[in-house]
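Residue-level listing of the chains:
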Amino acid sequence: MWWSALLFLFATCLPVAGGGRPNVVLILIDDQGYGDMAALGNPVVRTPSLDRLHAESVRLTDYHVDPTCSPTRAALLTGRYSTRTGVWHTINGRSLLSPDEYTLAELFRDHGYRTGLFGKWHLGDNAPLRPRDQGFEHAVWSPGGAVDQGANWLGNDCFGDTYRVNDRWQAFEGYHTDVWFAQAMAFIEAGQQAGGNPFFVYLPATAAHDPWNVAEKYVRPYREAGVPPEIARFYGMLSNIDENVGRLRAWLADRGLAENTILIFTTDNGTATGWSADAADHSFFNAGMRGWKGSEYDGGHRVPLFIHWPAGGVGTGRDVDTLAGHIDLLPTLIDLCGLPPIDPARLSRGPLDGRSLAADILGRDGGSGPTGVRFVHSQRISDPVKWRACAVMTERWRLVNGAELYDIKTDPGQQTDLATAHPDVVSRLRNDYEAWWASLEPVFAEPVRFDLGGAENPTTLMSHDWFMPGTRHSAWHHRHVLENALINGSFMVRIVQAGRYRITPLRWPEYLDRPVEPWTGRITIDCGGTVHEAELATGAGTPAVASEVSLPAGPATLTATLTRGDGAAFGAYYVKVERIDDEKDGPGSPRPQ
């Protein structure tokens, strides 16, 4: 009836009586799958704090993300399918969130919330894509895809690591997961002392992604129980995560913040290590699902999501079985926090794909209604391929790779293909996918670019983000740097302001100040067909040498190739670029320094 709809609108668009707008803490765990928790049936892993949270939360039981890291983060923060935002891979310049997207952090910031990020970003490590560029007031963050990847500090290993605090490096004592939770609590505490504005804390932990390094006390119980070594370390990381979740909840309660804080716990993809290739004789637990991280089957993208908010009436255990996903989180939080609709002008790249699940979460009569059709794909290549590793989902059906059809209600393990028995369903879902794919195609043509000479000057680009063609991979891992991998690629950049630029190709990160063997180098910058080149050479023991070049404003492709004394060529893993003055007389010729 009309009056019940009005009551729901009133209830969800006003702050809780006496408590003001709720705080929000969003915990996103890396590589923990649906079955990697005792409360969800795992007979081995010990997660008492998460089990308690499960018992005291609304649980979305059919909640889906992307099958890998960066895409899930992009969709979760924008309410839009990740590919629309420029993100469909974890490396190769395809893990970069367009600066034109309107993020959850920008939404909360624009409505008076303090916004903080603590952990793994993985959506672009240089301007204009850093956490602070995308709406976070304060960020203590890990660049790249893991502590030993990308632009992260070379030598990080989970213990006593060095991370970015906003725009500067800072060394920390202790274990990485402990650091993220401690820094989040310090941010909340500082805000309470400064006046108590509501806060949005995004806590995307670097665990339980590899490297699976964790204190022995967390690993020992699993190893003694006969769990294979790799899985024992993975489970040990989960036990440490569980301990931190319990510590955070107790801390919030001690400060009187737990009641009016929306606490959300979820993960970024299916399990990465709850299964193991070296454990053929070990029965791993995946909640009866097929597939794991990276898979188009449910085991790759169906993950847990718990929501706990006592002041909003969300403090006891209840399952919500409707089909849901990461794209629903932003519109749901708009309603739960009583925020006004987003100004359409802020959605310049297109409307939200998700919908609010507030009615389901709050237990309103009628719920949020049927979800309709949802899509997921696992591209993990530079140039998206139609029908590659994809699933079209409804409340009942899963169409996998455009050919296999599963009734998820009767066959959650996706073992019996019903495509020949239901050709009408296959045809309908294929048509839905065709329309969805057509809506994505315009994004493929224009890469997301880093800025040179703008808000971050100088800036140091890292080979993790080389824009690579086809199935080739960039030098994305620290081992590529350490082993001098013979890989090369280019950065997609935008020259913000015409001027003179100093470009320094680096074999090692500049902070190491490490001399290298003699090499010759070539820098190539293609500015829309006009190519600027410079030749460089170092002597023995020289850490770096730079070239100066005048560049026009606009999009460009930057390539820096180094050649060793033995003739082997590779891309400079780090390239420092600095605008040193404004262009007054037009572009000139390169000048080696």
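Report on the accompanying structure. Here the structure is a predicted model, which is why all the values come from computation and not from measurement.

Turning next to the overall build of the protein. On a plain count of helices and strands, the protein comes out with 12 helices and 25 strands. A globule of 593 residues ought to have a C-alpha radius of gyration of about 25 Å, and the protein, at 24 Å, matches this closely. With 593 residues in all, the protein has 59% of them scored as buried. Long-range pairs, those at least 24 residues apart, make up 72% of the contacts in the protein with a sequence separation of at least 6. Surface exposure of the protein reaches about 21,700 Å², of which carbon and sulfur atoms provide 52%. Charge-centre separation for the protein: the mean point of 53 positive side chains lies 1 Å from the mean point of 70 negative side chains.

Moving on, we come to the pairing of strand 2 (residues 58-64). Counting buried positions along strand 2 gives 7 out of 7 residues, so the element sits mostly inside the fold. Both strand 2 and strand 9 (residues 305-308) contribute to a ladder of 2 bridges, which runs antiparallel. In the strand pairing of strand 9, R59 is matched with F306. For strand 2 and strand 10 (residues 318-325), the ladder comprises 6 bridges, and the chain directions are parallel. Within the sheet, the bridge partner assigned to V58 lies in strand 10 and is R318.

Along the polypeptide, G369 turns up in the loop between helix 10 (358-361) and strand 11 (374-377). Assessed through its relative accessible area of 30%, G369 is described here as partly exposed. Separated by 104 residues in the primary sequence, G369 and F265 have C-alpha atoms spaced 23 Å apart. Beyond its immediate chain neighbours, meaning those up to four positions away, G369 contacts T322 and R355.

Moving on: helix 7 (residues 229-254). Given a rise of 1.5 Å per residue, 26 residues ought to cover 38 Å, and the 38 Å separating the end C-alpha atoms of helix 7 matches this to within 8%. Within two residues after helix 7, G256 carries a phi angle of roughly 70 degrees, on the positive side.

If you walk across this open sheet you meet the 4 strands as 11-12-13-14, and the pairing is antiparallel. A single partner strand is all that each edge strand has here, and the edge strands are strand 11 and strand 14 (404-407). The mean inter-strand angle of the sheet, taken between neighbouring strand axes irrespective of direction, is 20 degrees. Bridging between strand 11 and strand 12 (residues 390-393) involves 4 bridges; their strand directions are antiparallel. Looking at the pairing, R374 lines up with M393 of strand 12.

Our focus in this paragraph is unusual backbone geometry. Between A127 and P128 the backbone carries a cis peptide bond, its omega angle lying at 5 degrees. Looking at where P128 falls in the secondary structure, it is placed in the loop between strand 3 (114-120) and strand 4 (138-142). In this model, A207 is joined to A208 through a cis peptide bond whose omega is 10 degrees. Residue position: A208 is located in the loop between strand 7 (199-204) and helix 6 (216-224). The phi angle at R380 is positive, at roughly 50 degrees, despite the residue not being glycine.

Note on terminology: a disulfide is the covalent bond linking the sulfur atoms of two cysteines. One pass over the structure, following the stated rule, counts 0 disulfides. Counting only cysteine sulfurs, C158 is the nearest neighbor of C69, a cysteine outside any disulfide, at a range of 14 Å.

Let us look at the packing of aromatic side chains. Within the structure shown, the criterion is met by 25 aromatic pairs. For the pair F118 and F187, a centre-to-centre distance of 5.5 Å together with 55 degrees between the ring planes defines the contact as tilted. With a gap of 69 residues between them, F118 in strand 3 and F187 in helix 5 (residues 176-194) connect regions that are remote in the sequence. We note that F118, like F187, is buried. An aromatic cluster of at least three residues, connected via ring pairs, comprises Y81, W88, F375, W387, Y433, W436, W437 and F444. Note that R94 overlies the ring of F467, its terminal NZ or CZ placed 3.4 Å from the centroid.

Take helix 3 (residues 69-78) next. Taking burial as the measure, the 10 residues of helix 3 include 10 buried ones, the bulk of the element. When helix 3 is considered as a whole, its buried residues turn out to be C69, S70, P71, T72, R73, A74, A75, L76, L77 and T78.

Let's shift gears to the pattern of salt bridges. By the definition in use, this model includes 34 salt bridges. The salt bridge partner of R84 is D353, with a shortest N-O separation of 2.8 Å. Of this pair, R84 sits in the loop between helix 3 and helix 4 (104-110) while D353 is found in the loop between helix 9 (329-336) and helix 10, placing the two residues 269 residues apart along the sequence. The partner of E216 in a salt bridge is R223, with the nearest N and O atoms 2.2 Å apart. On the basis of relative accessibility, which here comes to 35%, the residue E216 falls in the partly exposed class. Here the salt bridges do not stand alone but share partners, grouping D30, R73, K120 and D268 into one network.

Definitions and cut-offs
- Residues numbered from 1 in each chain as written.
- Predicted model: local features only at pLDDT ≥ 70, side-chain atom pairs only at ≥ 80, totals over all residues.
- Heavy atoms only, no water.
- Helix = DSSP H or I, 4+ residues; strand = E, 2+ residues; numbered from the N terminus.
- Rg over C-alpha atoms; globule rule 2.2 N^0.38 Å.
- Buried < 20%, exposed > 50% of the residue type's maximum accessible area, 1.4 Å probe, protein only.
- Contact = heavy atoms within 4.5 Å.
- Areas by Shrake-Rupley, 256 points an atom, 1.4 Å probe, with all protein chains shown as cover.
- Lys, Arg positive; Asp, Glu negative; His and termini not counted.
- Charge placed at Lys NZ, Arg CZ, Asp CG, Glu CD.
- Pairing = 2+ DSSP bridges.
- Expected span 1.5 Å × (residues − 1).
- Axes fitted to C-alpha atoms, helices over the stretch in contact; angles between N-to-C directions.
- Disulfide = S-S within 2.5 Å.
- Phe/Tyr/Trp six-rings, centres within 6.5 Å; stacked < 30°, edge-to-face > 60°.
- Lys NZ or Arg CZ within 6 Å of the ring centre and 35° of its normal.
- Salt bridge = Lys/Arg side-chain N within 4 Å of Asp/Glu carboxyl O.

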